[in-house]
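Here is what each chain is made of, one letter per residue.
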Amino acid sequence: MGVHRFAVATALATFCLFVVGGLVSTTESGLACPDWPLCNGQFIPEMRDGKQFEHTHRLVASFVGAMTVGLCALIWKHRREDRLLRRLGTAAVPLVVAQALLGALTVKMKLPVWVSSSHLAIAMAFFSLVVSLAFITRQRLEAPAASAPALFRPAVAVAVMAWAQIVLGAVMRHTRSGLVCGFEFPWCLGTVWPLSAGLGVQIHMLHRVFGVAVGLGIFWLSWRVFRGGGTAWMKRLAALASVGVVAQVALGFLTITSFRDLALMTVHSSLGAALLASLWSVAWLARPVPVAGLPRAAGGERAAGPAKVGLA
């Protein structure tokens, strides 16, 4: 398997890890396995009472960690001449190690809010890096493709906003602030923003308000893509991101009114990761970074016309 295909596979595996991790959080199974890295002293425990979610999450995380080390090794073996790829591939390894250590702390310290939230924050930063690698490993071997460089920085800015909103959602979830406003939406405790209420209410309202800001940012970016000469793939992804924002708002509303339904919460968190991936995809399609003259890589990857990134 070539470096690019392995990077795409790593990004997809990381997305699957988020889906499983979302199930751990929504089912409150984070302490179903009281020890780490084993579960009740077993490598494969009896998968019930939440262990089916928590231990599966650990197994998938181990698989993603191994893939990350493998991706770094492939980059050093076949793309050693490319300084950018070497740096990004190497940076992915300490990020995934930090994830494993935070996962261990989460169990050892009995789910403290700051550890659990940091766990997701670094996870989303890692996902952003792997998605970027999935694009760059292909683009660095391609002839220059059609692009829209003026859209690169706006796309990165909106992607960073989306990352911050996902982290805010994690803080809200881990502080159990999801239902502090009852079943009211868009109001909270009978008003627009009850500033005199407790910390949980403030966290909840920050998540709502910043979600509106991110949504407007994505709509604005989509408008820029369609009006500013975005490529066909950029327009497709921008349109999907706009639809995704509407779906996220609807899922947020349904999550509250359904008293935190398991399926809705899982789709809500997974769609957030998918939106983040689509925004980074728009960014790298806006500003591909090809390098002419690099040697042919393993798996038959070589310069052959416009970039066609599998993840897109």
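Every chain is numbered independently, its residues counted from 1 as its sequence is written. With pLDDT at 70 or above as the cut-off, local features in this predicted model cover only qualifying residues; side-chain atom pairs require 80 or more to be listed or tallied, and sums for whole chains, interfaces and linings still use all residues. Only hydrogens and water are set aside when side-chain values are computed; all heavy atoms of the structure are taken into account.

A. Region of the structure containing the overall build of the protein. If you tally the helices and strands in the protein, you get 8 helices and 0 strands. Going along the chain from the N terminus, every DSSP run of H or I of four or more residues is numbered as a helix, and every run of E of two or more is numbered as a strand. Along the protein, from the amino end to the carboxyl end, the secondary structure elements read α-α-α-α-α-α-α-α. For this measure, only C-alpha atoms enter the radius of gyration; the expected value for a globule follows 2.2 Å times N^0.38, where N is the number of residues. What you see for the protein is a C-alpha radius of gyration of 20 Å, in line with the 20 Å of a compact globule of 312 residues. Within the span of the protein, comprising 312 residues, buried residues form 46% of the whole. Between two residues, a contact is recorded if the distance between any of their heavy atoms is within 4.5 Å. Taking contacts inside the protein between residues at least 6 apart in sequence as the whole, the part at least 24 apart equals 75%. What sets the accessible areas is the Shrake-Rupley method with a 1.4 Å probe; for residues, cover comes only from the shown protein chains. Carbon together with sulfur atoms contributes 69% to the accessible area of the protein, which is approximately 14700 Å² in total. Each charge class in the protein was averaged separately, 27 positive and 11 negative side chains, and the resulting centres sit 13 Å apart. Burial here depends on accessible area, computed with a 1.4 Å probe over protein chains only, as a share of the maximum for the residue type. Under 20% is buried, over 50% is exposed, and the range in between is partly exposed. Under this rule, positive means Lys or Arg and negative means Asp or Glu; His and the chain ends count for nothing. Where a charge sits is defined by one atom per residue type, namely NZ (Lys), CZ (Arg), CG (Asp) or CD (Glu).

B. Here's a closer look at the state of the cysteines. Put simply, a disulfide is two cysteine sulfurs that come within 2.5 Å. Following the criterion strictly, the structure yields 2 disulfides and no others. Disulfide partner of C33: C39, at an S-S distance of 2.0 Å. Classification of the bridge connecting C33 and C39 rests on its S-S torsion, roughly -80°, and on that basis the disulfide is left-handed. Of the two residues, C33 and C39, both sit in the buried class. If you count the bonded cysteines of the protein from the N-terminus, they pair up as 1-2, 3-4.

C. Spotlight on the environment of P149. Its location among the elements puts P149 in the loop between α4 (113-139) and α5 (152-174). Between the C-alpha atoms of P149 and A286, which are 137 residues apart in sequence, the distance is 5.3 Å.

D. Local environment of the pattern of salt bridges. Basic side-chain nitrogens of Lys or Arg form a salt bridge, by our definition, when they fall within 4 Å of a carboxyl oxygen of Asp or Glu. Under the criterion given, the structure shown has 4 salt bridges. With a closest N to O distance of 3.5 Å, R48 and E46 form a salt bridge. In this structure, E54 engages R58 in a salt bridge whose closest nitrogen and oxygen atoms are separated by 3.0 Å. Residue E54 and its partner R58 are both found in helix α2 (residues 51-78); the two are separated by 4 residues, about one turn of the helix.

E. Fine view of the side chain of E54. Taking relative accessible area as the criterion, E54 reaches 6% and is therefore assigned buried. In this structure E54 touches V24, S29, G30, A32, C33 and V107, once residues within four positions along its chain are discounted.

F. How the structure looks around the packing of helix α1 (residues 3-26) against α4. Inter-axis angles, ranging from 0 to 180 degrees, are taken between N-to-C directions of lines fitted to C-alpha atoms, where helices are fitted over the stretch in contact. In the contact formed by α1 and α4, the axes pass within 8 Å of each other and the chain directions differ by 155°. In terms of orientation, α1 and α4 fall into the roughly antiparallel class. Where α1 crosses over α4, the handedness of that crossing is left-handed. Contacts between α1 and α4 involve V3, H4, A7, V8, T10, A11, T14, F15 and F18 on the former and, on the latter, A123, M124, F126, F127, V130, V131, L133, A134, T137 and R138. By the convention adopted, Pro, Cys, Tyr, Trp, Phe, Met, Ile, Leu, Val and Ala count as nonpolar, Lys, Arg, Asp and Glu as charged, and the other residues, Gly among them, as polar. Here the residues of the contact of α1 with α4 are counted per class, giving 14 nonpolar, 4 polar and 1 charged. An angle below 35 degrees is read as roughly parallel, one above 145 as roughly antiparallel, one from 65 to 115 as roughly perpendicular, and any other as oblique. Definitions for this section: a left-handed crossing has its near helix turned counterclockwise from the far helix by less than a right angle. A right-handed crossing has that turn clockwise.

G. Quick peek at the packing of aromatic side chains. The rule is short: rings of Phe, Tyr and Trp, with Trp giving its six-membered ring, pair when the centres are within 6.5 Å, and they are stacked under 30 degrees, edge-to-face over 60, tilted in between. Counted according to the given criterion, the structure contains 2 aromatic pairs. Residues F18 and F127 carry aromatic rings whose centres are separated by 5.1 Å and whose planes lie at 85° to one another, so their mutual orientation is edge-to-face. Taken together, the residues F18 in helix α1 and F127 in helix α4 connect sequence positions 109 residues apart. Of the two residues, F18 and F127, neither departs from the other in class, the shared state being buried. Geometrically, a lysine NZ or arginine CZ counts as sitting over a ring once it is within 6 Å of the ring centre and also within 35 degrees of the ring normal. Across from the ring centre of W233, 4.9 Å away, lies the NZ or CZ of R236, which sits over that ring. Above the ring of F152, the side-chain terminus of R287 is found at 5.0 Å from the ring centroid.

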